[in-house]
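Secondary and tertiary structure notes
Below, each chain spelled out in residue letters.
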Amino acid sequence: MKEPPKITKDIITLGGKSYQTDAFTNVTPTILEKTTRQLHLIPSHPIAIIKDLISSAFPDFKHYQTFSPVVSTKENFDDLCFAEDHPGRAVTDTYYINQKIMLRTHTSAHQLQVLTEADKILVTADVYRRDEIDASHYPVFHQMEGAQLFETRTVVEDVRKAIAQDSMASSSTIHTTDTTVITPANPKQECHDEAAMLATADHLKHSLNMMVRKLFSHEKDLQVRWIDAQFPFTSPSWEMEILYQGKWLEVLGCGVIRQDILINAGKPDKIGWAFGLGLERLALVLFGIPDIRLFWSHDERFLKQFEPSKIQKFIPFSKYPPCIKDISFWSNDQFHENNFCEIVRDVAGDLAEDVQLIDQFVHPKTQRRSLCYRINYRSMDRNVTNTEINEIQDKLREEVVNRMKVELR
Ligand code: DAH
């Protein structure tokens, strides 16, 4: 990004471009600042290390890594066949710059554009979602998208050859369970030939099995399982999970690309697969990082621990004590927890570790609903003082009243 983002009442300036605000605008200065960080481009950052490992499993794919996070609602939703009333479009879940322009919620927002340019693509980027606050949720995270297209006419033969070649080159073990079935609930697209679709699906699962084998190379007997899923832009769709330290971990979503997307990309005679995955989730488990805020730390004790291309366990520096504060108020019909969390992030930044609803009741006479939230404040790199947190909490109480029109109790 060229210059720091700026936000005034009417205009948002980001990456050298200006946008008019409107009633949809809900981006905040705290969020816009994050657009300049691009953790996936810092070579010794865990996010970039995971990205590089994954991309090494797709050596001849064209990798796009510097797209602006500002996209149109058409690119993020409409082009990908999202229904008009899909919940992902809600202002409570998505950051809007204005009614038509938003911060991408997923790397899939670039699928149509990149598939017009190439048949084998990767996209890595920061993505933005309004969400709750805890050790595994942050309003900005990083995703990686991959896709490959084949000539529909020759896909069956092309895939057969590609898989035969790969299995000669690789000898490592991987145990996969695949209980997915093509049913009306997760159907083949009508326009697709069955053999072509099955070959595409085989190549997809084969490529992704090879990719996780590489990523989890230290796990001797890697267990992978495939389950049915649903995405607006693929059919059929699947998710991959891996067994890691006794728990099934969701790794990625994928499927056979909706043919409408390929038609719009000017490639009606091709068939293809796509996948998308979150890099933080993988980096948290692979590096053993206890809190997602650490990825954003400027503390050298974090950043200096890692080296390009190497997965190594994070060595925690001492954990600082928390400071816990409650806030209670009478809620109203417009109240949404994500809006509340946004205000917490705005006033407390990364000092907010966790926000939990700890109590609620409806007053028997007035029918008003009372909510009590507990906020756990803690710094990743220093001790916080009670005075400092009290000031933040006072500011939070003030902002909650101003911005959500609730009544404090
Ligand atoms: N965009 C999806 C998400 O953010 C992930 C995804 C699923 C991407 C399936 C894909 C795909 O390309 O085919 O949850």
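Source: prediction; values computed, not measured. Sequence order as written defines residue numbering, which begins from 1 separately in each chain. Reporting in this predicted model follows two pLDDT cut-offs: at least 70 for local features of residues, and 80 or more for side-chain atom pairs to be given and counted; totals over whole chains, interfaces and linings ignore these cut-offs and use all residues. Heavy atoms throughout the structure, all of them, feed into the side-chain values; hydrogens and water do not.

Within the chain, the secondary structure is distributed over 11 helices and 17 strands. Throughout, the radius of gyration refers to the C-alpha atoms, and the reference size of a globule is 2.2 Å times the residue count to the power 0.38. For the chain, the C-alpha radius of gyration of 23 Å lies close to 22 Å, the compact-globule estimate for 409 residues. Reported as C-alpha extents along the three principal axes, the dimensions of the chain are approximately 70 × 50 × 45 Å. When accessible area is computed with a 1.4 Å probe and restricted to protein chains, residues below 20% of their type maximum are described as buried, those above 50% as exposed, and intermediate ones as partly exposed. Evaluated residue by residue, the chain yields a buried proportion of 50% over its 409 residues. For the area figures, the Shrake-Rupley method with a 1.4 Å probe applies, and any residue is considered shielded solely by the protein chains shown. Split by element, the accessible area of the chain, about 19,100 Å² in all, is 50% carbon and sulfur. Secondary structure elements follow DSSP: runs of H or I no shorter than four residues count as helices, runs of E no shorter than two count as strands, and numbering proceeds from the N terminus.

A word on helix 10 (residues 337-348). Over its 12 residues, helix 10 runs 16 Å from end to end, which matches the ideal 16 Å to within 8%, given 1.5 Å per residue. Every buried residue of helix 10 is listed here: Asn338, Phe340, Cys341, Glu342, Ile343, Val344, Arg345 and Ala348. In the core, the buried residues of helix 10 are packed alongside helix 1 (29-34), strand 14 (323-330), strand 15 (352-362), strand 16 (369-377) and helix 11 (386-404). With its phi angle positive at about 55°, glycine 349 sits one or two positions after the end of helix 10. In this scheme, a helix's expected span is set at 1.5 Å multiplied by one less than its residue total. Throughout, a residue-residue contact means that at least one pair of heavy atoms, one from each residue, lies within 4.5 Å.

This part is about helix 8 (residues 279-287). Counting buried residues in helix 8 gives seven out of nine residues, a clear majority hidden from the surface. If you check which residues of helix 8 are buried, you get Leu279, Glu280, Leu282, Ala283, Leu284, Leu286 and Phe287. Just beyond helix 8, the residue with positive phi is glycine 288, at close to 65°.

Spatially, the three strands line up as an open sheet ordered 1-2-3, and their pairing is antiparallel. Only two strands of the sheet have a single partner each, and these edge strands are strand 1 (6-7) and strand 3 (17-20). Strand pairing follows a simple DSSP-based rule, namely that at least 2 bridges must link the two strands. Where strand 2 (residues 11-14) and strand 3 come together, four bridges link them in antiparallel fashion. Bridging from a neighbouring strand, isoleucine 12 pairs with tyrosine 19 of strand 3.

As a further point, take the nonpolar core. Counting residues in hydrophobic clusters, the biggest one holds 67 residues, and the most contacted among them are Ile54, Leu208 and Phe295. A total of nine residues in this core trace back to one element, the largest contributor, which is helix 6 (residues 194-215). With sequence-adjacent residues up to four places away left out, phenylalanine 295 is seen in contact with Arg37, Leu39, His45, Pro46, Ile47, Glu280, Ala283, Leu284, Ile289 and Phe302. Within the second largest apolar cluster, 24 residues are counted, among which are Ile133, Phe340, Cys341 and Met404. By nonpolar core we mean a set of buried residues, namely Ala, Val, Leu, Ile, Met, Phe, Trp, Tyr and Cys, connected to one another through side-chain atoms within 4.5 Å.

Glancing now at the packing of helix 2 (residues 46-55) against helix 6. Two packed helices can be described by the angle between their axes and the distance between those axes. Here helix 2 crosses helix 6 at 135°, and the two axes come no closer than 9 Å. One finds that helix 2 runs oblique with respect to helix 6. For the crossing formed where helix 2 meets helix 6, the hand is right-handed. Packed against helix 2, whose contacting residues are Ile50, Leu53 and Ile54, the element helix 6 presents Met211, Lys214 and Leu215 at the interface. Angles run from 0 to 180 degrees between N-to-C directions of axes, and those axes are lines fitted to C-alpha atoms, restricted for helices to the stretch in contact. In what follows, roughly perpendicular refers to angles from 65 to 115 degrees, roughly parallel to angles under 35, roughly antiparallel to angles over 145, and oblique to any angle outside these ranges. Each crossing gets its hand from how the near helix is turned against the far one by less than a right angle, where anticlockwise is left-handed and clockwise is right-handed.

This part is about the environment of leucine 243. Note that leucine 243 resides in strand 11 (residues 234-244). Overall, the relative accessible area of 26% leaves leucine 243 in the partly exposed class. In this structure the C-alpha to C-alpha distance between leucine 243 and aspartate 221, which are 22 residues apart in sequence, comes to 9.8 Å. With sequence-adjacent residues up to four places away left out, leucine 243 is seen in contact with Glu219, Gln223 and Trp248.

The next subject is the site of the ligand. Note on definitions. A residue lies near a molecule or strand when any single heavy atom of the residue is within 4 Å of it. Around the ligand sit 15 residues in total, of which His106, Ser108, Arg129, Gln143 and Glu145 are the nearest. Side-chain atoms alone can form a polar contact between residues adjacent in sequence; in general such a contact is a pair of N or O atoms within 3.5 Å, and within protein one must be able to donate a hydrogen while the other accepts it. Taking arginine 129, its side chain carries an N or O atom lying 2.9 Å from an oxygen atom of the ligand. The fraction of the free accessible surface of the ligand (360 Å²) that becomes covered by protein chains is 89%. Of all elements in the fold, only strand 8 (140-151), strand 12 (247-257) and strand 13 (270-278) reach the threshold of two or more residues within the shell around the ligand.

The next subject is the pairing of strand 13. Most of strand 13 sits out of view: eight of its nine residues are buried. Alignment of strand 12 against strand 13, held across five bridges, turns out to be antiparallel. Bridge assignment links leucine 252 to a residue of strand 13, and that residue is leucine 277.

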